[in-house]
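Next come the chains, spelled out residue by residue.
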Amino acid sequence: MNADRLPPVAPEVTATLVESLSPRLRKRLDAAVTKLAARPVLRDGDTTTIEVDDETELRLHAPGGVVAQVESVTCGCLLAPACVHRAAAACAAPPADVAPEPAEQPTPEAVGTASADADAATGGGPVATDPPPVADPATAMVPASATHRASGTDSAPGPGPAPAPGLTPDAAPPETATPDQRAAADALWAAGAAVLEAGVDGAGAVAQSALLRAAHTARLRHLPRAAGAALSVVTLLRAARASNPSYRTAELVTALAELLGTARRVATATGAELAAVRGRVRRPYSPDGSLRLYGLFTEPVVTDSGHGGVRTWVAGADGRLFTVGDVAPGGVGRALGVADRAVRLGDSALTHRELGRAGLAVSGATVSPDGRLGAGKSVKAVTARGAAWTEPPLATLWETPPAEQAARALRSTSRYADPDGTGSDLLFLDVELLGAVREPGGTSLLALGEGGVPVRLTAADDDPALAHRDNLALLAAAPGTRLRIIGRLIPAAHPRLTLLACSHPTGEGTIDLGLDRLRRADLPDPAAPAHFAPPQPAGPGAQSPLYLLERRVEQTVPAGRAALGMLGDVAAETRRIRRGGLPTAAGLLTALCASAAQRERDHFGRLLPADTDGFAAYWLAAARYSAAVSESLCSAAWNPTGEVQGVSGGPPAAAARPAV
């Protein structure tokens, strides 16, 4: 049985079904989920039927596409409704990302979006060192209780002293979280810390149910950002336990750190920061008047969940970037077909391919914070003249220095950026092709950018039905060719992009590299074979010892705290990290491993329960710190002078440093 064939189940339904099981049945739940996954599934309208055995059927009724009530899951076995089958079916189905009606009127800051989309060194530079501390409350990730236990003092940020009476009589105090929101955040923290304690192998259906219950409560308390992070953790846990080939441990690390970090910030955030921590339930589209848009390119979109479509990028007269998308279930076949369908925007008859090279005049435009153009009834759009990449206003996109573009893209793609952040992860570069270069993961195209910075260009998708891979191979046969390109930043210790579009090698027109196929006749020398560029010297960022901390952070997720507790002495690793100029990373690694190994005993010699909160605090600090340093290394790699551009405030060198 493919879990995608089951209708989504509301988190509270799954949690209720699991909580109603007896302790004996809870122990059998994971085995029941595995057994049920092998049974045939039949879908008829809103009802999905699973054959438990030759005589028993289990039904999930999903009006509107979502199983929203416990009574909608029925089983025909003799033990129903107290059987394990109903809970197993709910645990096997994907969690529904729904926004329930609030129990009370939300504040203005609580209304908004949880996005519902279908995603320190350069060559010759100095060795990376810790960037200076920053005063960013978003990076203060160590819980107050854990810091108190570690150092004997409570150093968590607080709201500060109250203003003296009479000084500012009209100034209202900044808004803080309600007691109910703090309680919901604490439940999310506890559920996330339990997952980190057990690891993927131990985080079965019962642990996932606790996360789903906490997510549901957080939704009701107007904390959609933390609730969405909890649902992401559950989805990734299920993918990991099912050995889904699309699962990546790094994604679960990010989701867990987002969940724990957001839950911890609820208690200390105030004002605008609290609004960002809460998040938004729905994506707001705000009026933007009349827009004159110029097409840039169209990219195919294919997701691991089976969705497919296209996204067309356009630019306004002021250089702002916007997108018009059409993504729905269908996979790569739909992506190829939708490219030649009319754009859903006003009365325009342009297809997505045509819009990527033409223009639009839009009145009554509505735009989301991430630049998506709305297609409401009040929006009017007519076809207009486009512009070449070398003509204004598009030409100005290539005039910004690459280092500034990379810093902007990093702010947009930061793993822990606030969801309402704006900006694009696209880079606009003029490059000279050098040839293919072999890498451990395959072959990429090496190009020389502005300032002599070598940039590695990779295919956005390896699916043979799309043109990315074949086009990249053909471009490798044209060394010396100068191109104007558009790519998506890949955070790495060296400049790296996924190549999305480029000017035609002959200099006429542009190529959407996922949809248009180049031919050898399009190359300056059609008979030239693929050219391999000479090996490039790796910059100091590539030898950064930060990976020693990153691998311990990732190692915790599959096997839990015990995996680090059995490491023993890590003095050799910490010495190497300190020699690399990252003393904070060395301290975090020492504290993390010490916390994992710490187990106290009572007066009778029996092991006491592990300090899951303290370990989760150190793990979170290490995860957030290593991510911030990685972003700084990436920013420095794009700068020929080796200077770090402003990314997201820099690593939390002081704020995320527990006492060790």
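Please read these numbers as outputs of a predicted model, since none were measured by experiment.

Visitor: Quick question: what am I supposed to make of the pattern of salt bridges here?
Guide: Oppositely charged side chains can form a pair if their charged atoms are brought close together. Counting across every chain of the model gives 28 salt bridges. In this structure, Asp326 engages Arg344 in a salt bridge whose closest nitrogen and oxygen atoms are separated by 3.6 Å. Residue Asp326 is located in strand β7 (residues 321–329), and its partner Arg344 is located in the loop between α10 (331–338) and α11 (352–355); the two are separated by 18 residues in the primary sequence. In this structure, Asp516 engages Arg357 in a salt bridge whose closest nitrogen and oxygen atoms are separated by 2.7 Å. Of this pair, Asp516 sits in the loop between β15 (510–512) and α14 (547–559) while Arg357 sits in the loop between α11 and β8 (359–367), and the two are 159 residues apart along the sequence. Classification of Asp516 as buried rests on a relative accessible area of 16%.

Visitor: When you look at the side chain of Thr323 in this model, what are you seeing that I'm missing?
Guide: You can see Thr323 is positioned in strand β7. Take Thr323: its relative accessible area is 8%, and that puts it in the buried class. Once you skip the residues sitting within four places of it in the chain, Thr323 turns out to touch Arg311, Thr312, Trp313, Gly371, Arg372 and Leu373.

Visitor: Could you clarify how one ought to interpret the nonpolar core in this entry?
Guide: Generally speaking, a soluble globular protein has its nonpolar side chains buried in company with each other. The biggest cluster of nonpolar side chains holds 71 residues, and the ones touching the most others in it are Leu211, Leu252 and Trp619. When residues of this core are traced back to their parent elements, those giving at least two are α5 (179–202), α6 (205–220), α7 (224–241), α8 (249–265), α9 (271–278), α14, α17 (583–597) and α18 (612–637). Of the residues forming this core, the biggest block, 12 residues, is contributed by α18. If we skip the residues at most four places from it in the chain, Trp619 touches Leu196, Val253, Leu256, Ala257, Leu260, Val553, Thr556, Val557 and Leu592. Val41, Leu60, Ala62 and Ala88 belong to the second largest nonpolar core, which has 32 residues in total.

Visitor: Mind showing me how you'd approach α6 here?
Guide: A turn of α-helix holds 3.6 residues, and therefore any two residues three or four places apart point the same way. For α6, built from 16 residues, the straight-helix expectation of 22 Å at 1.5 Å per residue is met to within 8% by its first-to-last C-alpha distance of 23 Å. Those residues of α6 not exposed but buried are Ala205, Gln208, Ser209, Leu211, Leu212, Ala214, Ala215, His216, Ala218 and Arg219. The secondary structure elements touched by the buried residues of α6 are α1 (11–19), α2 (23–37), α3 (84–92), α5, α7 and α8. Looking at the residues trailing α6, positive phi occurs at His222, about 65 degrees.

Visitor: Would you mind showing me how to read the packing of aromatic side chains here?
Guide: Aromatic ring pairs are defined here through the distance separating the ring centres and the angle between the ring planes. Taken as a whole and judged by the stated rule, the model has 3 aromatic pairs. Between Trp398 and Phe428 the ring centres are 5.1 Å apart and the planes differ by 75 degrees, which places this aromatic pair in the edge-to-face class. Taken together, the residues span a long stretch of sequence, with Trp398 in the loop between β9 (380–384) and α12 (402–413) and Phe428 in strand β10 (residues 426–439) at a distance of 30 residues. Here the two residues Trp398 and Phe428 agree in accessibility, since each one is buried. Members of the aromatic cluster, connected to one another through ring pairs, are Trp389, Trp398 and Phe428. Positioned above the aromatic ring of Trp189, the side-chain terminus of Arg264 is 4.1 Å from the ring centre.

Visitor: Is there a simple way to explain unusual backbone geometry in this structure?
Guide: Most peptide bonds take the trans configuration, and most residues that are not glycine carry a negative phi. Backbone torsion omega between Ala80 and Pro81 reads 5 degrees, so that peptide bond is classified as cis. Relative to the helices and strands, Pro81 resides in the loop between β4 (73–75) and α3. Backbone torsion omega between Pro392 and Pro393 reads 5 degrees, so that peptide bond is classified as cis. The residue Pro393 is located in the loop between β9 and α12 in this model. With a phi close to 65 degrees, His222 is a non-glycine residue in the positive phi region. In this structure, His222 sits in the loop between α6 and α7. The phi angle at Ser243 is positive, at roughly 55 degrees, despite the residue not being glycine. Tracing the sequence through the fold places Ser243 in the loop between α7 and α8.

Visitor: How should the sheet that holds strand β2 (residues 47–51) be read in this particular structure?
Guide: The strands making up a sheet associate through backbone hydrogen bonding, with each pair oriented either parallel or antiparallel. If you walk across this open sheet you meet the 4 strands as β1-β2-β3-β4, and the pairing is antiparallel. The open sheet is flanked by β1 (41–44) and β4, the only strands paired with a single partner. Neighbour-to-neighbour, the strand axes of this sheet turn through a mean angle of 15 degrees, independent of strand direction. Note: strand β3 (residues 57–61) against β4, 3 bridges, orientation antiparallel. Looking at the pairing, Arg59 lines up with Thr74 of β4.

Visitor: Please explain the environment of Pro464 as it appears in this structure.
Guide: Within the fold, Pro464 resides in the loop between β12 (454–459) and α13 (468–475). Sequence-wise, Pro464 and Val332 are 132 residues apart; in three dimensions their C-alpha atoms are separated by 10.0 Å. Those residues within four positions of Pro464 in sequence are excluded, and the remaining contacts are Arg469 and Arg517.

Parameters at a glance
- Residues numbered from 1 in each chain as written.
- Predicted model: local features only at pLDDT ≥ 70, side-chain atom pairs only at ≥ 80, totals over all residues.
- Heavy atoms only, no water.
- Salt bridge = Lys/Arg side-chain N within 4 Å of Asp/Glu carboxyl O.
- Helix = DSSP H or I, 4+ residues; strand = E, 2+ residues; numbered from the N terminus.
- Buried < 20%, exposed > 50% of the residue type's maximum accessible area, 1.4 Å probe, protein only.
- Contact = heavy atoms within 4.5 Å.
- Core = buried A, V, L, I, M, F, W, Y, C linked by side-chain atoms within 4.5 Å.
- Expected span 1.5 Å × (residues − 1).
- Phe/Tyr/Trp six-rings, centres within 6.5 Å; stacked < 30°, edge-to-face > 60°.
- Lys NZ or Arg CZ within 6 Å of the ring centre and 35° of its normal.
- Pairing = 2+ DSSP bridges.
- Axes fitted to C-alpha atoms, helices over the stretch in contact; angles between N-to-C directions.

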